[in-house]
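Per-entry structural report
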Amino acid sequence: MESRWRKAKMSLGLNLCVYVPRTLEGDDAGSPNTGSSTAALVSPVASSSSTATSANTTPTAASAEQSNGKVKGGAGALMPTTPTPTSAGLRLSKSGNKSFKKTCAICLTTMKPGQGHALFTAECSHTFHFHCISANVKHGSSSCPVCRIKWKELPFRGPLAAESPQGNGRINPVNGHQNGGHMTILRPLPRARSSGRLHHLAALLPDTGPSTFNDDEPLDLLSEATEDPQQGCLRTVEIKTYPEFTEVPENMSERNFTILIHLKAPLAQNLQKPSNLGDGNGLNTTRAPVDLITVLDVSGSMAGTKLALLKRAMGFVIQNLGSSDRLSVIAFSSSARRLFPLRRMTESGRQQSLLAVNSLTSNGGTNIAEGLRKGSKVIEERQAKNPVCSIILLSDGQDTYTVSPTAGVHKAAPEYCVLLPSTNGNQQVPVHVFGFGADHDSVSLHSISQTSGGTFSFIETEAAIQDAFAQCIGGLLSVVVQGLHVKVESLHPDVHFGSIRSGSYSSRIADDKRNGSIDVGDLYAEEERDFLVSVNVPPGYGETALLKVGCVYRDPLMKETVNMADVQVKISRPAFVSLQSMSIEVDRQKNRLHAAEVIAEARFTAERGDLSNAVSLLEDCRRMIMGSASGQSGDRLCQALDAELKEMQDRMANRQRYEASGRAYVLSGLSSHSWQRATARGDSTDSESLIQSYQTSSMVDMLLRSQTLSRSSTPRPTPQMRHAKSFPARPQPR
């Protein structure tokens, strides 16, 4: 009898089979008869005349045959198995149920028949919970998470219609019901060989998504319509000005007189009522919702702890987005794929996103350009738009597809520039880039961030990835100003502008030298910006009005344009000045800009191989800063600059250390100073120094939340958090 049964099964020519318990009308769910199980044998060949049979067997007999692609029912009985031509030569287990008492490699929980979960054994003989492996397949994985073997047949769970890609063969259970909980097997059609250059690796991520990305989830219009219009009344930018000297003798002229323009964004407005703009943890604030696209490196070098920590960091991001925020995830290795479209982070949206992120596996090369292209495509083709939009890009390796491996100080990335999201009007979509570990391409990644108006962060240790993400989204979730445009105008016919020192922000001076402007862009809550304007001062009597400063910006929450009143800069003109005292505020900003210039020069020198000269440049800058008026007064920013320059000197001690971490540390510092925005910068800063001088309260709060979740005990505050708000109070302008 057994021989006939074996021949009948072999005649089906199966490579993979599924057994679905037959549900009979009138069955007693509580029947104590669990000694046998009725099952349907379903052929994986998609055909309208699929052959089916059924058999009764005991759990012991069912577990004795190790066949390819088997599914064992989890309703208290073990499903029968079918030997296949590829598994006929395998040694059969004689241990009965004991052979299945192992751990699922995906969820890390015990797999044991009778626990209410179906089990799936792949053609490579590795076993998983069916719901775990079907989730992996649903989100694009087509290989074994353990041995990385490419599967010929794929498990799938879900409704039969709608979700099945056209052209895929699908197994339908005999007498199956459309209840959304059945098990099916997908046999994907072979993909056409893609054209293009540098496809030299075989481990390609499948890209079965749509050709256009206009399938984003609609916005939460209800929450926008119910916003309190009074919330925008207090959301104004603060403008302050500081002349280099408040008094200049009446008969004296100055050719290079410096004026500091200081801007500060308003606070984030807290709410005392429920809001869909919260952060997912009960902290409700009035803020603009965000469209966030994360572009994640899942190449072979991300395997193991790196990928696990990346998943944890993404879980933190997902849990801290509000229900009006939208998220899309792009994963790239040798190619790139979109895990899911822009999706609102409601409760169900979070769960689906977490499931998709947890299904990520690592293999293949590093194609940063393709990942960036798909991320930009999501932004450009979305049907609806939240007020704030940004891309987060993370990579731990060199781009093996797009950019020449030749590195150097002149290595630009024109290939990446054309892949950045196109902008409408003056609104730019920043790409905040994270270089992970010692092997990433810091030059190319820094170039991407600079071109897009984003920041470049250096994540030196694996455990710091979640904190780095937390700091970034702490800022993105607190945008209160967009499209900030600063205007300066001369108030005296003989006062002309010499220069505007604005870092990476675009600035212009009119041909007549009497008008200028700075394009600042977006500001996070409480963020500050400082710009130095130089003018000439003619002789005068009594008082001289030099210039006026105004700004215009858009409130992203109220969707209104705000014009700030002009602030005038005047100086006294006495006949005689006994002692001129330079403004500490002006001096400290001169030190910051000078330090940034020296850092750039030192990096250029180091790239040419002259590390000793680069270290000398940094040492001279340290002496100049600490010998200045603000340095002598114990200014915290000057102390922070000194500690940062010293850290850069240490990382330029030799070529090996500079290549491993020095270059990335220097570039992240340049990014931070040029945009006046906090970045992650390694992990060896002086514990008594304020390296992160640009952090905001929102960033610090999100960092604390991340560290609280990462540690069972109270987190030890980092140097960045300890001193984030330790600036001395700014003196009021006279």
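So, how was this worked out
- Residues numbered from 1 in each chain as written.
- Predicted model: local features only at pLDDT ≥ 70, side-chain atom pairs only at ≥ 80, totals over all residues.
- Heavy atoms only, no water.
- Helix = DSSP H or I, 4+ residues; strand = E, 2+ residues; numbered from the N terminus.
- Buried < 20%, exposed > 50% of the residue type's maximum accessible area, 1.4 Å probe, protein only.
- Contact = heavy atoms within 4.5 Å.
- Areas by Shrake-Rupley, 256 points an atom, 1.4 Å probe, with all protein chains shown as cover.
- Pairing = 2+ DSSP bridges.
- Axes fitted to C-alpha atoms, helices over the stretch in contact; angles between N-to-C directions.
- pLDDT = per-residue confidence, 0-100.
- Salt bridge = Lys/Arg side-chain N within 4 Å of Asp/Glu carboxyl O.
- Phe/Tyr/Trp six-rings, centres within 6.5 Å; stacked < 30°, edge-to-face > 60°.
- Lys NZ or Arg CZ within 6 Å of the ring centre and 35° of its normal.
- Core = buried A, V, L, I, M, F, W, Y, C linked by side-chain atoms within 4.5 Å.
- Parallel < 35°, antiparallel > 145°, perpendicular 65-115°, else oblique.
- Nonpolar A, V, L, I, M, F, W, Y, C, P; charged D, E, K, R; others polar.
- Expected span 1.5 Å × (residues − 1).
- Polar contact = N/O pair within 3.5 Å; in protein donor to acceptor, adjacent residues only side chain to side chain.
- 1 Å grid on protein atoms, 1.4 Å probe; cavity = no way out; pocket = protein on both sides within 12 Å on 5 of 7 lines; lining within 4 Å.
- Points joined across faces, edges and corners; volume = space filled by probe spheres on them.

Looking at an unreviewed UniProt entry, one finds the chain named RING-type domain-containing protein and attributed to Arundo donax.

If you tally the helices and strands in the chain, you get 17 helices and 29 strands. Counting the 734 residues in the chain, one finds 54% classified as buried. Counted over contacts in the chain with a minimum sequence separation of 6, partners at least 24 positions apart contribute 72%. Counting only carbon and sulfur atoms, one obtains 50% of the accessible surface of the chain, whose full area is about 31600 Å².

To continue, consider the sheet that holds strand E16 (residues 290-297). Strand order across the open sheet formed by six strands is E18-E17-E16-E19-E20-E21, with mixed pairing between neighbours. Strands with a single pairing partner mark the edges of an open sheet, and in this sheet they are strand E18 (336-344) and strand E21 (456-459). When the angles between neighbouring strand axes are averaged without regard to direction, this sheet yields 15°. As defined by bridge partners, E16 adjoins strand E17 (residues 326-332) across seven bridges and the pair is classed as parallel. By the bridge assignment, Leu 292 is partnered in E17 with Leu 327.

It is worth spelling out the confidence of the model for the chain at this point. When the pLDDT values of the chain are averaged, the result is 76; 66% of them are 70 or greater. Confidence drops under a pLDDT of 50 for residues 157-206, and excluding neighbours within four residues, the segment shows 109 contacts in the predicted structure. Within the model, the stretch residues 684-690 combines pLDDT values under 50 with 25 contacts to residues more than four positions away or in other chains.

For the structure shown, the criterion picks out 33 salt bridges. Its salt-bridge partner being Arg 588, residue Asp 635 comes within 2.9 Å of it at the nearest N-O pair. With Asp 635 in the loop between helix H13 (629-632) and helix H14 (636-651) and Arg 588 in helix H11 (residues 584-607), this pair connects stretches of sequence that are 47 residues apart. Connected through shared salt-bridge partners, Arg 603, Glu 607, Arg 655, Glu 659 and Arg 663 make up one network.

Another aspect to go through is the pairing of E18. E18 sits mainly inside the fold: eight of its nine residues count as buried. As paired strands, E17 and E18 are joined by six bridges and run antiparallel to one another. The residue bridging Leu 327 from the neighbouring strand is Arg 343, located in E18. As consecutive antiparallel partners, E17 and E18 are separated by three residues.

In this section: the packing of aromatic side chains. For the structure on display, the rule yields four aromatic pairs. Measuring from ring centre to ring centre gives 5.1 Å for Tyr 505 and Trp 675, while their planes differ by 85°; the resulting arrangement is edge-to-face. Taken together, the residues span a long stretch of sequence, with Tyr 505 in the loop between strand E23 (497-501) and strand E24 (506-509) and Trp 675 in helix H15 (residues 655-675) at a distance of 170 residues. One aromatic cluster in this structure is built from Tyr 505, Phe 531 and Trp 675. Here the basic side chain of Arg 338 rests over the ring of Phe 213, its NZ or CZ set 4.3 Å away from the ring centre. Across the ring face of Phe 340, the terminal group of Arg 343 is positioned such that the distance to the ring centre comes to 4.4 Å.

A few words now on the nonpolar core. It is characteristic of soluble globular proteins that their nonpolar side chains tend to be buried jointly. One finds Ile 293, Leu 393, Val 431, Ile 448, Leu 618 and Met 652 to be the most contacted residues of the largest nonpolar core, which totals 49 residues. In this structure Leu 618 touches Val 598, Ile 599, Ala 602, Leu 645, Met 648, Gln 649 and Met 652, once residues within four positions along its chain are discounted. Listed in part, the 46 residues of the second largest apolar core include Met 302, Ile 318, Phe 340 and Met 699.

Attention now moves to the packing of H11 against H14. For the pair H11 and H14, interaxial distance at closest approach is 10 Å and the crossing angle is 10°. In terms of orientation, H11 and H14 fall into the roughly parallel class. Touching Arg 588, Gln 589, Asn 591, Arg 592, Ala 595 and Ile 599 of H11 are Leu 637, Cys 638, Leu 641, Leu 645 and Met 648, all from H14. Residues of the contact of H11 with H14, tallied by class, amount to seven nonpolar, two polar and two charged.

For Gln 568, the location among the structural elements is in strand E29 (residues 567-573). In this structure, the C-alpha to C-alpha distance between Gln 568 and Leu 546, residues 22 residues apart in sequence, is 7.6 Å. Excluding its chain neighbours within four sequence positions, the residues that come into contact with Gln 568 are Thr 241, Leu 491, Leu 547 and Lys 548.

One non-glycine residue, Glu 526, adopts positive backbone phi at about 70°. Locating Glu 526 in the fold gives a position in the loop between strand E25 (515-524) and strand E26 (528-537).

In this model, helix H12 (residues 611-627) (17 residues) spans 25 Å end to end at C-alpha, consistent with the 24 Å of a helix rising 1.5 Å per residue. Here the buried face of H12 lies against H11, H13, H14 and H15.

This part takes up the sheet that holds strand E12 (residues 238-243). The four strands lie next to each other as E12-E13-E26-E23, forming an open sheet whose pairing is antiparallel. Edge positions in the open sheet fall to E12 and E23, since each of these has one partner strand only. Strand-to-strand, the axes of this sheet are offset by a mean angle of 20°, without reference to chain direction.

Below, the discussion takes up the side chain of Ser 362. One can find Ser 362 in the loop between helix H6 (347-358) and helix H7 (368-381). Residue Ser 362 is classed as buried on the basis of its relative accessible area, which comes to 14%. Separated by 3.5 Å, the side chain of Ser 362 and the backbone nitrogen of Ala 303 make a polar contact.

Next up on the list: empty space enclosed by the protein. This structure, assessed with the given rule, holds three cavities of 30 Å³ or more. Estimates place the volume of the largest cavity at around 70 Å³. Counting only elements with at least two residues in the lining of the largest cavity, the list comes to strand E20 (431-436) and helix H10 (465-476). Per element, the largest residue contribution to the lining of the largest cavity is three residues, and it comes from H10. Residues that form the lining of the largest cavity fall into these classes: six nonpolar, five polar and one charged.

The subject of this paragraph is the side chain of Asp 399. Its location among the elements puts Asp 399 in the loop between strand E19 (388-395) and helix H8 (414-417). The buried category is assigned to Asp 399, whose relative accessible area is 6%. For Asp 399, the side chain forms a polar contact with the main-chain nitrogen of Ala 369, separated by 3.5 Å.

If you check H11, its first and last C-alpha atoms are 35 Å apart, about what 24 residues at 1.5 Å a residue would give, namely 34 Å. With 17 of 24 residues buried, H11 lies mostly within the body of the structure. Gly 609 sits one or two residues past H11 and shows a positive phi near 100°.

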